Number of protein chains: 6
Amino acid sequence: MRNDGRKLDQLRNVDIVTDFTIHPEGSVLITVGNTKVICNASIEERVPPFMRGEGRGWITAEYSMLPRATEQRTIRESAKGKITGRTMEIQRLIGRALRAVVDLQKLGERTIWIDCDVIQADGGTRTASITGAFVAMVIAVGKLVEKGKIKELPITDFLAATSVGIDAELGEILDLNYIEDSSAQVDMNVIMTSTGKLVEVQGTGEEATFSRAELNQMLDLAEKGISSLIGHQKEVLGDLAVHVLENINKQEDSK
Amino acid sequence: MRNDGRKLDQLRNVDIVTDFTIHPEGSVLITVGNTKVICNASIEERVPPFMRGEGRGWITAEYSMLPRATEQRTIRESAKGKITGRTMEIQRLIGRALRAVVDLQKLGERTIWIDCDVIQADGGTRTASITGAFVAMVIAVGKLVEKGKIKELPITDFLAATSVGIDAELGEILDLNYIEDSSAQVDMNVIMTSTGKLVEVQGTGEEATFSRAELNQMLDLAEKGISSLIGHQKEVLGDLAVHVLENINKQEDSK
Amino acid sequence: MRNDGRKLDQLRNVDIVTDFTIHPEGSVLITVGNTKVICNASIEERVPPFMRGEGRGWITAEYSMLPRATEQRTIRESAKGKITGRTMEIQRLIGRALRAVVDLQKLGERTIWIDCDVIQADGGTRTASITGAFVAMVIAVGKLVEKGKIKELPITDFLAATSVGIDAELGEILDLNYIEDSSAQVDMNVIMTSTGKLVEVQGTGEEATFSRAELNQMLDLAEKGISSLIGHQKEVLGDLAVHVLENINKQEDSK
Amino acid sequence: MRNDGRKLDQLRNVDIVTDFTIHPEGSVLITVGNTKVICNASIEERVPPFMRGEGRGWITAEYSMLPRATEQRTIRESAKGKITGRTMEIQRLIGRALRAVVDLQKLGERTIWIDCDVIQADGGTRTASITGAFVAMVIAVGKLVEKGKIKELPITDFLAATSVGIDAELGEILDLNYIEDSSAQVDMNVIMTSTGKLVEVQGTGEEATFSRAELNQMLDLAEKGISSLIGHQKEVLGDLAVHVLENINKQEDSK
Amino acid sequence: MRNDGRKLDQLRNVDIVTDFTIHPEGSVLITVGNTKVICNASIEERVPPFMRGEGRGWITAEYSMLPRATEQRTIRESAKGKITGRTMEIQRLIGRALRAVVDLQKLGERTIWIDCDVIQADGGTRTASITGAFVAMVIAVGKLVEKGKIKELPITDFLAATSVGIDAELGEILDLNYIEDSSAQVDMNVIMTSTGKLVEVQGTGEEATFSRAELNQMLDLAEKGISSLIGHQKEVLGDLAVHVLENINKQEDSK
Amino acid sequence: MRNDGRKLDQLRNVDIVTDFTIHPEGSVLITVGNTKVICNASIEERVPPFMRGEGRGWITAEYSMLPRATEQRTIRESAKGKITGRTMEIQRLIGRALRAVVDLQKLGERTIWIDCDVIQADGGTRTASITGAFVAMVIAVGKLVEKGKIKELPITDFLAATSVGIDAELGEILDLNYIEDSSAQVDMNVIMTSTGKLVEVQGTGEEATFSRAELNQMLDLAEKGISSLIGHQKEVLGDLAVHVLENINKQEDSK
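Residues numbered from 1 in each chain as written. Chains lettered and ligands numbered in written order. Predicted model: local features only at pLDDT ≥ 70, side-chain atom pairs only at ≥ 80, totals over all residues. Heavy atoms only, no water.

1. Digging into the overall build of chain A
1) Next: Regarding its fold elements, chain A presents 7 helices and 9 strands.
2) Next: Radius of gyration (C-alpha) of chain A: 18 Å, near the 18 Å computed for a compact globule of 255 residues.
3) Next: Taken along the three principal axes of its C-alpha coordinates, chain A extends 55 × 50 × 30 Å.
4) Next: Looking at chain A as a whole, 60% of its 255 residues are labelled buried.
5) Next: For chain A, the exposed area adds up to about 9,900 Å²; of that, 48% sits on carbon and sulfur atoms.
6) Next: Placing the 30 positive and 38 negative side-chain charges of chain A at their respective mean positions leaves the two points 5 Å apart. (Helix = DSSP H or I, 4+ residues; strand = E, 2+ residues; numbered from the N terminus. Rg over C-alpha atoms; globule rule 2.2 N^0.38 Å. Buried < 20%, exposed > 50% of the residue type's maximum accessible area, 1.4 Å probe, protein only. Areas by Shrake-Rupley, 256 points an atom, 1.4 Å probe, with all protein chains shown as cover. Lys, Arg positive; Asp, Glu negative; His and termini not counted. Charge placed at Lys NZ, Arg CZ, Asp CG, Glu CD.)

2. Structural notes on the relation of the copies chain D and chain A
Here the two chain copies are tied together by a rotation about an axis and a shift along that axis.
1) Next: Mapping chain D onto chain A calls for a rotation angle of 180 degrees and an axial translation of 0.0 Å; the resulting RMSD is 0.0 Å. Both copies are brought into coincidence by an operation consistent with a two-fold rotation axis. Closest to the rotation axis within chain D is the C-alpha of Gln202 of chain D, separated from it by 2.3 Å. (Least-squares fit on C-alpha atoms with pLDDT ≥ 70 in both.)

3. Things to note about the UniProt feature "domain: Exoribonuclease phosphorolytic" (unreviewed entry) in chain A
1) Next: What UniProt calls "domain: Exoribonuclease phosphorolytic" (unreviewed entry) maps, in this numbering, to residues 10-140 and 160-225 of chain A.
2) Next: Along residues 10-140 of chain A, the helical share is 30% and the strand share 31%, with 31 Å between the first and last C-alpha atoms. (UniProt positions renumbered as here; feature names shortened; annotations may be inferred.)

4. Description of the interface of chain D and chain A
1) Next: On the side of chain A, 36 residues touch chain D, which itself brings 36 residues to the contact.
2) Next: Both faces considered, chain D and chain A share a buried interface measuring about 3,200 Å² in area, 48% of it formed by carbon and sulfur atoms.
3) Next: Where chain D touches chain A, the interface holds 16 residue pairs in polar contact (both at pLDDT 80 or more).
4) Next: Sorting the residues of the side of chain D that touches chain A by element identifies α2 (85-99), β9 (198-205) and α6 (212-237) of chain D as the ones contributing at least two each.
5) Next: With 8 residues, β9 of chain D is the single largest residue contributor to the side of chain D that touches chain A.
6) Next: By residue class, the composition of the side of chain D that touches chain A is 12 nonpolar, 10 polar and 14 charged. (Contact = heavy atoms within 4.5 Å. Buried area = accessible area lost by both parts, 1.4 Å probe. Polar contact = N/O pair within 3.5 Å; in protein donor to acceptor, adjacent residues only side chain to side chain. Nonpolar A, V, L, I, M, F, W, Y, C, P; charged D, E, K, R; others polar.)

5. Structural notes on the nonpolar core
1) Next: One finds Ile114 of chain A, Ile114 of chain B, Ile114 of chain C, Ile114 of chain D, Ile114 of chain E together with Ile114 of chain F to be the most contacted residues of the largest nonpolar core, which totals 458 residues.
2) Next: Setting aside chain neighbours within four positions, we find Ile114 of chain C in contact with Asn40, Ala41, Ile59, Thr60, Ala61, Glu62, Ile94, Leu98, Ala133 and Met137 of chain C. (Core = buried A, V, L, I, M, F, W, Y, C linked by side-chain atoms within 4.5 Å.)

6. Here we look at the sheet that holds strand β7 (residues 171-174) of chain E
Backbone-to-backbone hydrogen bonds pair the strands of a sheet. The strands run either parallel or antiparallel.
1) Next: Taking strand neighbours across the sheet as the criterion, the 8 strands line up as β7(E)-β6(E)-β8(E)-β9(E)-β9(F)-β8(F)-β6(F)-β7(F) in an open arrangement whose pairing is antiparallel. Looking at which strands have only one partner, the edges of the open sheet turn out to be β7 of chain E together with β7 (171-174) of chain F. Direction aside, neighbouring strands of the sheet carry axes that sit 20 degrees apart on average.
2) Next: As judged from the 5 bridges shared by strand β9 (residues 198-205) of chain E and strand β9 (residues 198-205) of chain F, these two strands associate in the antiparallel manner. In the strand pairing of β9 of chain F, Thr204 of chain E is matched with Glu200 of chain F.
3) Next: Each of β6 (159-167) and β8 (186-193) of chain F touches helix α4 (residues 125-146) of chain F; the most contacted strand, β6 of chain F, lies at about 165 degrees to it. (Pairing = 2+ DSSP bridges. Axes fitted to C-alpha atoms, helices over the stretch in contact; angles between N-to-C directions.)

7. A closer look at the side chain of Ser129 of chain E
1) Next: Mapped onto the secondary structure, Ser129 of chain E falls in helix α4 (residues 125-146).
2) Next: Reaching out from Ser129 of chain E, the side chain makes a polar contact with the backbone oxygen of Thr125 of chain E at a distance of 2.7 Å.

8. Section: the sheet that holds strand β3 (residues 35-44) of chain D
All names here are of chain D.
1) Next: Ordered by their spatial adjacency, 5 strands build an open sheet running β1-β2-β3-β5-β4, and the pairing between neighbours is mixed. Where the open sheet ends on each side, the last strands, each with one partner, are β1 (14-18) and β4 (58-65). This sheet shows a mean twist of 15 degrees between the axes of neighbouring strands, independent of strand direction.
2) Next: Bridging between strand β2 (residues 26-32) and β3 involves 7 bridges; their strand directions are antiparallel. Residue pairing across strands places Gly26 opposite Ala41, the latter belonging to β3.
3) Next: Packed on one face of the sheet, helix α4 (residues 125-146) meets β1, β2, β3, β4 and β5 (111-120) and runs near 35 degrees to β3.

9. A word on helix α7 (residues 239-254) of chain D
Residue and element names in this part refer to chain D.
1) Next: Along its 16 residues, α7 runs 23 Å from first to last C-alpha, staying within 8% of the 22 Å computed at 1.5 Å per residue.
2) Next: All buried positions along α7 are accounted for by Ala241, Val244, Asn247 and Ile248. The buried residues of α7 occupy an angular sector of 115 degrees when the element is viewed end-on, so they sit on one face. Seen from the open side of α7, the exposed residues pointing more than 90 degrees away from its buried face are Asp239, Asp253 and Ser254. (Expected span 1.5 Å × (residues − 1). Arc of directions from axis to C-beta.)

10. Quick word on the UniProt feature "binding site: phosphate" (unreviewed entry) in chain A
1) Next: Sites flagged by UniProt as "binding site: phosphate" (unreviewed entry) map to Arg86, Gly124, Thr125 and Arg126 of chain A. Spanning 41 residues, the named residues nonetheless gather at one spot, since no C-alpha pair among them exceeds 13.4 Å.
2) Next: With respect to the helices and strands, the residue Arg86 of chain A is situated in helix α2 (residues 85-99).
3) Next: Here Arg86 of chain A falls in the partly exposed class, since its relative accessible area comes to 29%.
4) Next: The contact partners of Arg86 of chain A, leaving out residues within four places of it in the chain, are Tyr63, Met65, Thr125 and Arg126 of chain A together with Arg92 of chain D.
5) Next: Here the side chain of Arg86 of chain A touches Tyr63 of chain A through a polar contact of 3.2 Å, side chain to side chain.
6) Next: With respect to the helices and strands, Thr125 of chain A occurs in helix α4 (residues 125-146).
7) Next: For Thr125 of chain A, a relative accessible area of 6% corresponds to the buried category.

11. As for α4 of chain D
All names here are of chain D.
1) Next: With 22 residues, α4 should cover 32 Å at 1.5 Å per step; its first-to-last C-alpha distance of 31 Å lies within 8% of that length.
2) Next: Taken across its 22 residues, α4 has 19 buried, putting it largely inside the fold.
3) Next: Once α4 finishes, Gly148 follows within two positions and takes phi at roughly 80 degrees, a positive value.

12. Observations regarding the packing of aromatic side chains
1) Next: A full pass over the atoms with the stated rule returns 12 aromatic pairs over all chains.
2) Next: Here the aromatic rings of Phe50 of chain B and Trp58 of chain B are separated by 5.9 Å at their centres, their planes lie at 85 degrees, and the arrangement is edge-to-face.
3) Next: Given the relative accessible area of 58%, Phe50 of chain B is considered exposed.
4) Next: Residue classification places Trp58 of chain B among the buried residues on the basis of a relative accessible area of 16%.
5) Next: The ring of Phe158 of chain D has Lys234 of chain D sitting right over it, with the charged end atom 5.3 Å from the ring centre. (Phe/Tyr/Trp six-rings, centres within 6.5 Å; stacked < 30°, edge-to-face > 60°. Lys NZ or Arg CZ within 6 Å of the ring centre and 35° of its normal.)

13. Topic: the environment of Ile173 of chain A
All names here are of chain A.
1) Next: Positionally, Ile173 belongs in strand β7 (residues 171-174).
2) Next: Exposure remark for Ile173: the relative accessible area of 1% places this residue in the buried category.
3) Next: For the pair Ile173 and Arg6, spaced 167 residues apart in the sequence, the C-alpha separation amounts to 9.8 Å.
4) Next: Apart from residues no more than four positions distant in its own chain, Ile173 is found in contact with Arg2, Leu8, Ser163, Val164, Gly165, Asp167, Glu180 and Leu221.

14. Some points on the packing of helix α6 (residues 212-237) of chain B against helix α6 (residues 212-237) of chain C
1) Next: One way to put it is that α6 of chain B packs onto α6 of chain C with a least axis distance of 13 Å and a crossing angle of 160 degrees. Taken together, the axes of α6 of chain B and α6 of chain C are roughly antiparallel relative to one another. Where α6 of chain B crosses over α6 of chain C, the handedness of that crossing is right-handed. Here Arg212, Leu215, Asn216, Leu219, Asp220 and Glu223 of chain B of α6 of chain B come into contact with α6 of chain C, specifically with Arg212, Leu215, Asn216, Leu219, Asp220 and Glu223 of chain C.
2) Next: When its residues are assigned to classes, the contact of α6 of chain B with α6 of chain C shows 4 nonpolar, 2 polar and 6 charged. (Parallel < 35°, antiparallel > 145°, perpendicular 65-115°, else oblique. Left-handed = near helix turned anticlockwise from the far one by under 90°.)

15. Quick word on the arrangement of the chains
1) Next: With respect to C-alpha atoms, chain C approaches chain D no nearer than 12 Å, and the pair has no contact.
2) Next: When C-alpha atoms are compared, chain A and chain E, though not in contact, are closest at a spacing of 12 Å.

Here it is as structure tokens:
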């Protein structure tokens, strides 16, 4: 039995609140167990200098934790004057993942800024950030369509993320909380689309290794969890979800 | 008439939620109109190096805004690698204000870290931070009493803050929202106790001046607003509020 | 009796030397008791990017102390690689105060840089900086009039600053030196014009509070001290002071 | 056909020079095609503060490129005053990977610093760094055994890394050079031991996705390449390789 | 004829004011032509970590210019957040030069901090800093003798510095002002003792070269100028100068 | 006898490898005894902002050491987030020295970036950097001539550097290794052309002084060593050396 009573292949409770704050174009509060992340999407009507004039859009992400999102207070990165390697890795991961399901050509020369601010942490903050950020991004981009700035929703598929790992006693488990994450021998973050395509796989043995069979079992668990997370996304996205499904079908047809 | 329909001496709607997140010793979400601030209080069992061995406690504060707390996205201070002058001023102000109503001797050699993170901004973020932080601090310190680490609650009075200002057409107004704040000729932040004592007065004419009569009218408004804010604090603090009132009475008696 | 033999409402000796160094457009050495500040004003023929094209000028200030301006050597901010919160607060205060008595429209699209460098400190360095910087600024702007770059002196009033405070034994006192400042219960910086208008009031109780009656008594003292400081300014400004007085009269007439 | 004439499953030419410079405890120049990295291992007789007193060792890595390791000159990170996210990711990856094959308990309270400096880059610099750093580390640790500071070589297995990817026309390919890397739809870095265990898998679709079948084909290629790289390592490690093989056998036996 | 009417081998007017400010152990204002530098010496009763327990003292220097010390305002290094290469070079030069005439053993485990702050610049600020800093240092160290902290003045010789250079038309010239320095083909800073010993020679051709004959003529000029500067130092040092002379004689005798 | 068996006026073994890496326009590995430096020259087709439109070129240098170039590992400047004073001094010195033998007018509006990266250090890294950088620069500039971008080689003379010093027992010595450098009383770096002209002389007594006679003996040694170093440069430069010699002759003739 897992420390919080879950089955090995069971996600924690998931809740996605939209329109969480009033200013951002897309604003989401995602809750996965005790992990809570505010995911805001902002539209900027220009791209970074290195992309100007190419007619394509860009998506970039920033990630931060409130000092007391954690059990022990952590020092603010602004107070330290620099961003940790962990934060940089996560920011790059979020941006890269979202770009995999956006047609940047159709987005046009504008930037979507994703801000993921963890207000409460209990493991899986980067995967919750991605799952929530996808919803905030679709809402923000939906407003561009509404205002007639772009003709169609440039989202090619749903996208969600979860963590899987190997526990010394339990074996492969889905959606690790903080205690499980701290003691796991192998930790893997998986980002997938609704059509079962992989966007990112990051499996890591900290002072340990894993076999290809174990890798496959972890991927099976991740696929199951992500499918459920995308179910939650579809529910809160409503009409926008329908548009994304239409986009997926069009791509299938054109193959 | 004010832009949001309020009377000149009317506060915006105030709401104070306690136990907002699970990790901090004191965790509050304060809402003043459209301004929302998470105020967390953390206890650290030691003081900064310059105070060691003196047997007194310390209170220090940090303040930050989420990038999309504002209408336009603002760059993270961690990304810039340095803290702005505005943030530094506010952090110092919050810490100084709270120290005015804490008996640092009775607190003992420990530090209270106050983290004020604005998740939605519409003017008055620093005063809302102080009003909310007071509640978070009392709750955190109350737990020290509960655990027997200190004998009595070292809080000497209630403390709240609001802004007042002078509008070119309306004259003196209470609790300015962002639009009012942007156009006010004079802006003043006032921090007061429940016994009507001033803790801090910061009146500023940006490219303007003000007379002593105007100063007095602004202070009258502030006094009224702060009295109401302290009413909200008493309500959510319950038994802890009773302890603070007893402390106030003891001080009166000993005079 | 005060620690240096002064009466409660007595300023320290004041001396303002103009043309202190040869390069700046306005260069002043102000001495207030043992506090000595070099105040230089520089004219730059453009404004910061965010103000370009508006036809208005800007005034900005920087403040620093030599490492041995103080009893104990303090580390240089350049060596630390960042500016302290205290310095930022003072810089913002000086700039804001001076802008209150300058018609930025008439100044035209140029920036006045104020550099206040404390070479010897004994309390009241920020208020001495403001009082000295006003003189340096008027001299520098006077040269713009002399060269025909602007038609009339865009200075709307005199401006000076002093500190007042409450001593546990002596009560309200004017112009605190370092020892008085260290032990005062309440410390207040007041910036006023020659016509008795307030530009900035910053009253602070560090681990203490003050009543509105005490606030008023401190303001009375400040008014007296500032009036005397403006007398010194008029003396060294000569003809330029006459121009400022004419400007004040014109404003009075036009009311 | 690939742009440099290789077969899809063919590594580039590999060369590992030991004792490349005189000062480090382990010094290696690894060449993989046109990619050349100096990998130095240094022994420090203490661990970072957070690990003191635990009796375990630590391995940490730093990575950098000479400005003209690349076709276009890149700005030094020391000149920019900060390390990029890419560098941080790579540094963390190298350290984590090496720790997976070291018995930190047997290493004792000392730190192995790995410095990977790329002097010429043509794709795969992070995987070449890991493959070369393993050799430098084993040589450095071997000297600890030689000097009697530790009893036996605390290396549990061989470790090497390579990149695999998916080319739009060619499909899955092994050991991408810079041009291949720039145009690949999917890029994956794989770190494995001689016993076929995975230490790290990082597969990324930049604006693309991949199926689990493709993932498996890439892993097959990686396994083949890493087996060959470990062959090179064994050759240059000589007697030390024998020790590692003995360690592997002991582990097998004890299962 | 030189641009300010001086002869080729003529120093500018020199003035050394002692006790310039009240707090430092040694405080000097040195004026060389239009160059003015405040040189303060502070005694700290400990040495940097790398020297602890060796029983020897240390001398270190910091150098800075007020923003309007120059014709055009220069940005503060504290505002930029880093120290320029030029400042670093000068700081290292001043410290190294002073250490050449102090018996660090006799100074004991304490640090002398030298702060050179240029308030007005017209060429030769680093050499004026050294000449003035020597006087401030001797005064500060003299107070250690006075208080009985050390037995005898640990100063082994006088030390002064000047610049020499080669002008395209005039040839070798002594003590270059800013205009001369800007157009000189070769610029050389020379630091010497009263006994004609060289402490530092830094000759630089910027886009030019110089012969050994020219080097020797410049050294002749420098020797003459430094002899005169040391005359000024002796005058203001009074009794302390007598002590230094006695130290020089003792060394001569012991040879 | 010197610690490595050399005569007082003997250089260490010198080796200059050209085309050391493939990307830079000029790439050199210089070996002087155990000191090894990679010197790369890059051509950028523009000059820094402050020089634009003047029709002249620019040469700038950066210098760094690998962490284990030294006996003890040194911390990376990129990890510290700032460049040391020593590095800044050396970078400025290399750039300034090379500019003395380049006709910047003939170079045209382009920048030559020199990167000197020390991979193994045993004293004299800055002088080896200059000697090697000269070769890399000539090769890079030679390619501009080859491609017809400039008409003739804008190099006016050969340039090399060495160190000389005074040992307490041996007296004046040439080309100090690390052990000699650490114990020398006086250390001097000399940069000269093939025609015996001085470009830079930096003689320093660390806690010591030196006479003009000693200065002259050190310069004699330096002249001898530099002549030999320039011999090595001529050898590896081949035809390019012939062009430089022709340039020198033309200048002689035109006198």
